[in-house]
Amino acid sequence: MDPSARTDPRFRPVILIVDEAQVAYGCGDKSEDGRPYGGSRAPSRYFQAVKKIHDQGRAVNVTIWEGTQDPTAENLPKRSREGNHIRGSLVLGTESQAKKALGEAPRRRRSRPPQAPARQGPRHARRRR
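Asks: Kindly report on the nonpolar core, identifying the contributing residues and their values.
Replies: Of all hydrophobic cores here, the largest spans eleven residues; its members are V18, A21, A24, Y25, Y46, F47, V50, I53, V62, I64 and L76. Of all the secondary structure elements, the ones that give two or more residues to this core are α2 (21-26), α3 (45-56) and β2 (62-66). It is α3 that contributes the most residues to this core, four residues altogether. Among residues more than four places away in sequence, those in contact with V62 are V14, L16, I53 and G57.

Asks: Before we move on, could you go through α3 and cite the residues and values that matter?
Replies: Helical geometry note: an α-helix holds 3.6 residues per turn, so side chains three or four residues apart project in the same direction. For α3, with twelve residues, the first-to-last C-alpha span of 16 Å sits near the 16 Å given by 1.5 Å per residue. All buried positions along α3 are accounted for by Y46, F47, V50, I53 and H54. Summarising the axial view, the buried residues of α3 lie within an arc of 130 degrees, below the 170-degree limit, and thus occupy one face. Within α3, the exposed residues directed more than 90 degrees away from the buried face are K52 and Q56. If you follow the buried residues of α3, they end up packed against β1 (14-18), α2, β2 and α4 (78-83).

Asks: Help me get a handle on a nonpolar patch on the surface, residues and values and all.
Replies: Taken together, the side chains of I15, I17 and W65 make up a nonpolar region of the molecular surface, amounting to roughly 340 Å² of accessible area. In this fold, W65 is placed in strand β2. Owing to a relative accessible area of 49%, W65 belongs among the partly exposed residues under this scheme.

Asks: Lay out the packing of aromatic side chains in plain terms, naming residues and giving numbers.
Replies: Using the criterion set out here, one finds one aromatic pair in the structure. Aromatic side chains Y25 and Y46 sit 4.9 Å apart centroid to centroid with 80 degrees between the ring planes, which places their arrangement in the edge-to-face category. Residue Y25 is located in helix α2, and its partner Y46 is located in helix α3; the two are separated by 21 residues in the primary sequence. Look at Y25 and you get buried, because its relative accessible area is 4%. Judged by relative accessible area, which is 16%, Y46 ranks as buried.

Calculation rules
- Residues numbered from 1 in each chain as written.
- Predicted model: local features only at pLDDT ≥ 70, side-chain atom pairs only at ≥ 80, totals over all residues.
- Heavy atoms only, no water.
- Core = buried A, V, L, I, M, F, W, Y, C linked by side-chain atoms within 4.5 Å.
- Buried < 20%, exposed > 50% of the residue type's maximum accessible area, 1.4 Å probe, protein only.
- Helix = DSSP H or I, 4+ residues; strand = E, 2+ residues; numbered from the N terminus.
- Contact = heavy atoms within 4.5 Å.
- Expected span 1.5 Å × (residues − 1).
- Arc of directions from axis to C-beta.
- Patch = residues over 30% accessible without salt bridge, like charges linked within 9 Å, V, L, I, M, F, W, Y side chains within 5 Å.
- Areas by Shrake-Rupley, 256 points an atom, 1.4 Å probe, with all protein chains shown as cover.
- Salt bridge = Lys/Arg side-chain N within 4 Å of Asp/Glu carboxyl O.
- Phe/Tyr/Trp six-rings, centres within 6.5 Å; stacked < 30°, edge-to-face > 60°.

The analysis is restricted to geometry; functional conclusions fall outside its scope.
Printed below as a string of structure tokens:
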């Protein structure tokens, strides 16, 4: 990276963090011009903003992080999921949720999360007498 780019205020990193993104996608309110604020389709103002940040933001060091506890097609649309260049996840309840959060690529590359260790500690230890 060019050192002068770090000192130029136009290119300082900007990270937008949206917690509980499903609320933004699920918002039913409309603006004065009738466009919905939320939704997972093209007319949605939030969807369009996320799409533009994904498409053009990296050029000017702007990125968006979206978080949700339930990654489904309704809560995190495909266009948004695939536009996120870095994906991460905590423990999820189902394989379907993991695929929505992380995509199929990790499975194709045989990347797998580490197995949870067996229970350990005094409560689970057997005592010999």
